[in-house]
Amino acid sequence: MSSVPARRLPVFALITDSLRYSVSHARALLILALPFLVVQYGLLQFTKPTTEYLPVLSWQYWVVVGVALLAGVVVAVSVHRQFLQSPDRQMPLRWGKAETRYAWGLLKLTLVMIVPSVLYALVLVGILAAVFSNWNIESFGVEQPLLALPLIWLMTLPMLYLWARMTLILPSAAISQQPSVTLSGSMALTKGNGWRMVAVTVAPLLAFGMLDILIQMSLPTVVYWWLQPLIVSVNTVLGVVLVSVSFKQLYDERHLNTESDNNGVVAA
């Protein structure tokens, strides 16, 4: 794997470039995100504002969730390919070898994160129980979670750091990069830029999530209920673009000028 020696990621420049690209290519990105958006509206049928049933207990709900994940993979691969290989070309939406590799890479990344996630949850619960309720769960009142929010955010940072360091395997899989970037390769590419990767690929999404909460609090439930899928789709596409921008900055750009054919194989 050919990589550029460690360079400091220009955080602000990369974020503004991502936003500028997303706005200037809004029409093309919207077309790419349509399948994901449609499936998100399908999920609304199981998440209507009601307390009559729990949607997670319905098998139909999980079928739609599975379809949403597959649609998300298709959209993510298309957005990666368009940004990294053909910015001025409308990428096709299809399932091919690149999508399969991307789904496998996402699964590997998720599996790797399971152990630290479980440890994080256990440690967090232990600290909260010790600090705020003296190990007495019954005394853990409503105000304690609010007081614990800074601690929860602080302890989440290592998880976000690890995810950001390994996430470059995804754009590599999307564009059928040969040789592909492995988990260890992603860690090597992001060496010296770990927290900058968090700032570029995670911080804008967290800010967008806070904006989403404000929108939810200021709009009637029914109105937000119909607006939410669009917000989720925009956030997803923006997240993909942010990772693509980081990948292009850190990986040798000489290897990004080839374009995959319809079977997901890099053309010579």
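These numbers were taken from a predicted model, which means no experiment stands behind them.

J.: Please give an account of the overall build of the chain that cites residues and values.
T.: Along its length, the chain carries 10 helices and 0 strands. When the helices and strands of the chain are placed in sequence order, the string is α-α-α-α-α-α-α-α-α-α. Within the span of the chain, comprising 268 residues, buried residues form 41% of the whole. When contacts within the chain are restricted to residue pairs at least 6 apart in sequence, those whose partners lie at least 24 apart make up 74%. Accessible area of the chain: about 14,600 Å², with a carbon and sulfur share of 70%.

J.: Can you explain the nonpolar core? Please cite residues and give values.
T.: Among the nonpolar cores identified, the biggest contains 49 residues, and Val79, Tyr102, Leu168, Val237 and Phe247 are the most heavily contacted of them. Where this core is concerned, the elements lending two or more residues are helix H1 (11–24), helix H2 (26–43), helix H3 (59–84), helix H4 (97–132), helix H5 (143–166), helix H6 (169–174), helix H8 (194–201) and helix H10 (221–250). Counting residues per element, this core draws most heavily on H3, which supplies 10 residues.

J.: Tell me about H10, and please be specific about residues and values.
T.: Each α-helix winds once per 3.6 residues, and so residues spaced three or four apart point in a common direction. With 30 residues, H10 should reach 44 Å at 1.5 Å per residue; the first-to-last C-alpha distance of 42 Å fits that figure. Leu227 marks where H10 bends most, by close to 40 degrees; the proline Pro229 follows one to four residues later.

J.: An account of the pattern of salt bridges is needed here, citing residue identities and associated values.
T.: Side-chain pairs of opposite charge can arise where the charged atoms are in close proximity. Counted by the stated rule, this structure contains 2 salt bridges. Here Arg20 and Asp17 are joined by a salt bridge, their closest N and O atoms 2.8 Å apart. Remark: Asp17 and Arg20 occur in helix H1; sequence separation between them is 3 residues, near one turn of the helix. With relative accessibility at 35%, the residue Asp17 sits in the partly exposed group. Between Arg94 and Glu99 there is a salt bridge whose closest N-O contact spans 2.6 Å. Judged by its relative accessible area of 0%, Glu99 falls in the buried class.

J.: Tell me about the environment of Tyr161, residues and numbers included.
T.: On the secondary structure map, Tyr161 appears in helix H5. Owing to a relative accessible area of 25%, Tyr161 belongs among the partly exposed residues under this scheme. Spatially, the C-alpha atom of Tyr161 lies 7.7 Å from that of Met197, the residues being 36 residues apart in sequence. When near neighbours in sequence (up to four residues on either side) are disregarded, Tyr161 contacts Gly194, Trp195 and Val198.

J.: Give a description of a nonpolar patch on the surface that names residues and reports values.
T.: Together, Trp104, Leu107, Leu111, Ile114, Val115, Val118, Leu119 and Leu122 make up a nonpolar patch on the protein surface, roughly 780 Å² of accessible area in all. Take Ile114: it is sitting in helix H4. A residue is classified by how much of its surface remains accessible, and Ile114, at 40% relative accessible area, is partly exposed.

J.: Provide a residue-level description of the packing of aromatic side chains, including the pertinent values.
T.: Enumeration according to the criterion identifies 3 aromatic pairs in this entry. Centre to centre, the rings of Tyr21 and Phe83 are 4.8 Å apart; their planes meet at 85 degrees, and the pair counts as edge-to-face. Remark: Phe83 occurs in helix H3 and Tyr21 occurs in helix H1; sequence separation between them is 62 residues. We note that Tyr21, like Phe83, is buried. Against the face of Phe83 rests Lys248, its NZ or CZ located 5.6 Å from the ring centre.

J.: How would you sum up the confidence of the model for the chain? Please name residues and give values.
T.: Mean pLDDT for the chain: 78, with 74% of residues reaching 70 or above. Below pLDDT 50 for its whole length, residues 257–268 participates in 29 contacts with residues either more than four positions away or in separate chains.

J.: Can you lay out the environment of Ala98 for me, pointing to particular residues and giving the numbers?
T.: Tracing the chain through its elements places Ala98 in helix H4. Residue classification places Ala98 among the buried positions, given a relative accessible area of 0%. Sequence separation of Ala98 and Arg81 is 17 residues, and the distance between their C-alpha atoms is 9.9 Å.

Calculation criteria
- Residues numbered from 1 in each chain as written.
- Predicted model: local features only at pLDDT ≥ 70, side-chain atom pairs only at ≥ 80, totals over all residues.
- Heavy atoms only, no water.
- Helix = DSSP H or I, 4+ residues; strand = E, 2+ residues; numbered from the N terminus.
- Buried < 20%, exposed > 50% of the residue type's maximum accessible area, 1.4 Å probe, protein only.
- Contact = heavy atoms within 4.5 Å.
- Areas by Shrake-Rupley, 256 points an atom, 1.4 Å probe, with all protein chains shown as cover.
- Core = buried A, V, L, I, M, F, W, Y, C linked by side-chain atoms within 4.5 Å.
- Expected span 1.5 Å × (residues − 1).
- Bend = angle between axes of the 7 residues up to and from the residue.
- Salt bridge = Lys/Arg side-chain N within 4 Å of Asp/Glu carboxyl O.
- Patch = residues over 30% accessible without salt bridge, like charges linked within 9 Å, V, L, I, M, F, W, Y side chains within 5 Å.
- Phe/Tyr/Trp six-rings, centres within 6.5 Å; stacked < 30°, edge-to-face > 60°.
- Lys NZ or Arg CZ within 6 Å of the ring centre and 35° of its normal.
- pLDDT = per-residue confidence, 0-100.

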